[in-house]
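These are the residues of each chain, in order.
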Amino acid sequence: MKQGYSVVYYSLIVSQASLATILAALVWGALMDRGYRRSLFLIVSYAGILLSVVAMYASRNIVLIGSAYVGLNFFSAASAPAANLLVMQSWKRQEWSSVYGYYLFLGSMGGVVGLVLSALWTVFLPLDTLLLPLIIFSFVATALAATSLRVEAIPVERRAILLDKSSFLHRVTLNPSFYLRVPRADDFKRISKMLRNAFTRPTPILYISLLVFNLGSGIFNTAFNPSLYVRHVTESLVFGVNIFSMLIQGFTMRRSGDLIPEGSERRAAQRGLVYRAAGYLATAASVNYLVSLPLAVTAALSFALAGGYAYSLVYVSLTMLVFRTLPPTRQGGLLGVVSALSGIGAFTGSLLSGALAEKIGYTPTDIVAAALMLSTMVILRVGINEKNTHI
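Residues numbered from 1 in each chain as written. Predicted model: local features only at pLDDT ≥ 70, side-chain atom pairs only at ≥ 80, totals over all residues. Heavy atoms only, no water.

Caption draft 1: Spotlight on the overall build of the chain. Helix and strand counts for the chain stand at 15 helices and zero strands. The globule rule puts the C-alpha radius of gyration for 391 residues at 21 Å, and the 21 Å found for the chain is close to it. Overall, the chain is about 55 × 50 × 40 Å in size when its C-alpha atoms are taken along their principal axes. Burial statistics for the chain: of 391 residues in total, 51% are counted as buried. Look at the contacts in the chain between residues 6 or more apart in sequence, and 84% of them connect residues 24 or more apart. Only carbon and sulfur atoms are counted for the fraction: they give 67% of the accessible area of the chain, which is about 18100 Å². Here the chain contributes 31 positive and 15 negative side-chain charges, whose respective centroids are spaced 5 Å apart. (Helix = DSSP H or I, 4+ residues; strand = E, 2+ residues; numbered from the N terminus. Rg over C-alpha atoms; globule rule 2.2 N^0.38 Å. Buried < 20%, exposed > 50% of the residue type's maximum accessible area, 1.4 Å probe, protein only. Contact = heavy atoms within 4.5 Å. Areas by Shrake-Rupley, 256 points an atom, 1.4 Å probe, with all protein chains shown as cover. Lys, Arg positive; Asp, Glu negative; His and termini not counted. Charge placed at Lys NZ, Arg CZ, Asp CG, Glu CD.)

Below, the structure written as C-alpha cells:
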C-alpha cells in the first residue's frame, strides 16, 4: 500500500471509524432529543469535519492521521439526522419524498465532483496536498451553515421519521446507524423468542441477513482500494474507479422506485445480492490477473455492478423490508437491534478484511466476501418467502 503501511493498518482505521459512527448515532441522537436547534448540529458537524481534516493535514504519524479520520466520521454522523429533521420541519409532508430525492442527488453529485477534482489533483500534485482543498470546502460549508440556517419551524421529534417511508429511507441511506435508544438485553431476547415462532420468524431472519450482508460488504470495501494500489493502479485511476461506481449508485438510487416496485423488495434484494457477488468475483479475477490500467478498467466495471447498481437494489430493498417490521409503538427496541447487528457486521468485516488480505491475499478475500453475499441471498430466499411472511 501507499505510504508504506499494510492493509492491516488501513482495516484497523476503517473499523474504528465504523465504531465511531455507531457511537455518534447514539450521542447525536440523544442530544437532539433534548430539544436543541437542529441547525446547530449541522454547524457542529461541518465544523468538526473541518477540524478533523486540518488535523489530518498537520499529522505525519499514522496513529494521529487515523485518529483524525475517526473524528471526521464521528462528526459527519451528526449531519444526517439533523438534515432529515430540518426537511421534515421545513416542507409539507407530501413534498418530503421529492425534497429527500433532491438532497441525495445533490449529495451524490457533490461526491462525484469531489472525486473528479481529486483525480485531477493527484495527476499534477502529491496526494498529501489533497487535504488543502478539502479544508477550504469544509470551511465554506461551515460558514454557509452558520450564516444561513438561523430560523427554524416547530421542531419535529426523531421518532416521527419512522412514520414516513421516504423519511426513514433517507435517514438510513445517509447513516445506517439509527437509534432511538440504546438496545437492551431484553430486546435481543425478544428477537430470539421471535425466531421460535413461525409467524414472527421472518423479522429476525431479515435482521440476521443484514448482519451477514454488512459483514461481507465490510470485508470487500475495506480491501478494494488497497488491492488496486498493490497492483500498480495510480491514485488518479483509483479515484476514477470510485467516480464511476458512485455515478451508477446515484442513478440507481434515484430510480429505485421504478426498479423496485411495491411488494417486490424480497426478489429485488435477492437479485441484487447475486449481482453483487458476481461483481466481487469479477474483481477477484481482475486483481489476480491484471495490473495498472487494464485492472482499473475492469475494476471500474465490476465495482459499478457490485458497489453501484447491486448495492442500491439490495440496500433500498432491505431498508423497505425493515421499515415494514417496525411496530406502530415501541419501535426503539427493534430499531436498536437492527442498527446494532448492521454495525457489528460492518465493524467485524472491516477488521477481518485486513487480516484476510494479509494472510491469504486479496483475491481469496474478495471470494470470501462474494460467498457472504450469496449466503445472505440464501438466508432471504429460504427464511423469508411468500408463504411464511407478513413482511
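Caption draft 2: Quick look at the confidence of the model for the chain. On average, the chain scores 85 in pLDDT, and the residues at 70 or more come to 93%. Least confident of the elements in the chain is helix H11 (residues 256-259), whose mean pLDDT is 68; most confident is helix H15 (residues 362-383), at 94. (pLDDT = per-residue confidence, 0-100.)

Caption draft 3: Here's a closer look at unusual backbone geometry. Positive phi, normally seen in glycine, also occurs at His-232, with a value near 70°. On the secondary structure map, His-232 appears in the loop between helix H9 (202-229) and helix H10 (235-254). Its identity as a non-glycine residue notwithstanding, Ser-292 has a phi of 50°, on the positive side. For Ser-292, the position within the fold is in helix H13 (residues 292-325).

Caption draft 4: Focus on the nonpolar core. With 80 residues, the main nonpolar core has Phe-168, Phe-178, Leu-206, Tyr-207, Leu-228, Leu-318 and Leu-335 as its most contacted residues. With 15 residues, H13 is the single largest residue contributor to this core. Beyond its immediate sequence surroundings of up to four residues, Leu-335 is in contact with Leu-162, Phe-168, Phe-178, Leu-180 and Leu-326. Formed by eight residues, the second largest nonpolar core is a distinct cluster that contains Leu-50, Val-53, Met-56 and Leu-72. (Core = buried A, V, L, I, M, F, W, Y, C linked by side-chain atoms within 4.5 Å.)

Caption draft 5: Summary view of the environment of Leu-115. Here Leu-115 is to be found in helix H5 (residues 96-124). Residue class for Leu-115 comes out buried when judged on its relative accessible area of 16%. Linking Leu-115 and Met-246, residues 131 residues apart in sequence, is a C-alpha distance of 9.4 Å. Residues in contact with Leu-115, not counting those within four places in the same chain, are Phe-239, Asn-242, Ile-243 and Met-246.

Caption draft 6: Just the packing of H9 against H13, in detail. Between H9 and H13, the shortest axis-to-axis distance is 11 Å and the interhelical angle comes to 160°. One finds that H9 runs roughly antiparallel with respect to H13. H9 and H13 meet at a crossing whose hand is left-handed. On H13, the residues that touch Thr-203, Leu-206, Tyr-207, Leu-210, Phe-213, Phe-220, Asn-221, Phe-224 and Leu-228 of H9 are Leu-295, Ala-299, Phe-303, Tyr-311, Val-314, Leu-318, Leu-321, Val-322 and Thr-325. Of the residues belonging to the contact of H9 with H13, the class tally is 15 nonpolar, three polar and no charged. (Axes fitted to C-alpha atoms, helices over the stretch in contact; angles between N-to-C directions. Parallel < 35°, antiparallel > 145°, perpendicular 65-115°, else oblique. Left-handed = near helix turned anticlockwise from the far one by under 90°. Nonpolar A, V, L, I, M, F, W, Y, C, P; charged D, E, K, R; others polar.)

Caption draft 7: Structural detail: the environment of Tyr-57. Along the chain, Tyr-57 falls in helix H2 (residues 38-58). Note: C-alpha distance between Tyr-57 and Val-274 (217 residues apart in sequence) is 40 Å. Among residues more than four places away in sequence, those in contact with Tyr-57 are Asp-128, Leu-131, Leu-132 and Ile-135.

Caption draft 8: Expanded view of a nonpolar patch on the surface. On the surface, Val-113, Val-116, Leu-117, Leu-120, Leu-134, Ile-136, Phe-137, Phe-139, Val-140 and Leu-144 cluster together to form a nonpolar patch covering roughly 920 Å² of accessible area. Elements with a minimum of two residues in the nonpolar patch: H5 and helix H6 (131-148). Among the elements that take part in the nonpolar patch, H6 stands out by supplying six residues, more than any other. Phe-137 sits in the exposed class, given a relative accessible area of 51%. (Patch = residues over 30% accessible without salt bridge, like charges linked within 9 Å, V, L, I, M, F, W, Y side chains within 5 Å. Salt bridge = Lys/Arg side-chain N within 4 Å of Asp/Glu carboxyl O.)

Caption draft 9: Inspection of the packing of aromatic side chains at higher detail. All chains considered together, the criterion is met by ten aromatic pairs. A ring pair is formed by Phe-74 and Phe-75, whose centres lie 5.7 Å apart and whose planes are at 85°; its orientation type is edge-to-face. Their ring planes at 35° and their centres at 5.8 Å tell us that Tyr-275 and Tyr-309 sit as a pair that is tilted. Separated by 34 residues along the polypeptide, Tyr-275 in helix H12 (residues 265-289) and Tyr-309 in helix H13 bring together distant segments of the chain. Tyr-309 gets classed as partly exposed once you look at its relative accessible area, which sits at 26%. Counting every residue linked through ring pairs, the aromatic cluster contains Trp-28, Phe-41, Phe-74 and Phe-75. Taking NZ or CZ as reference, Arg-60 lies 5.9 Å from the ring centre of Tyr-57, over its face. (Phe/Tyr/Trp six-rings, centres within 6.5 Å; stacked < 30°, edge-to-face > 60°. Lys NZ or Arg CZ within 6 Å of the ring centre and 35° of its normal.)

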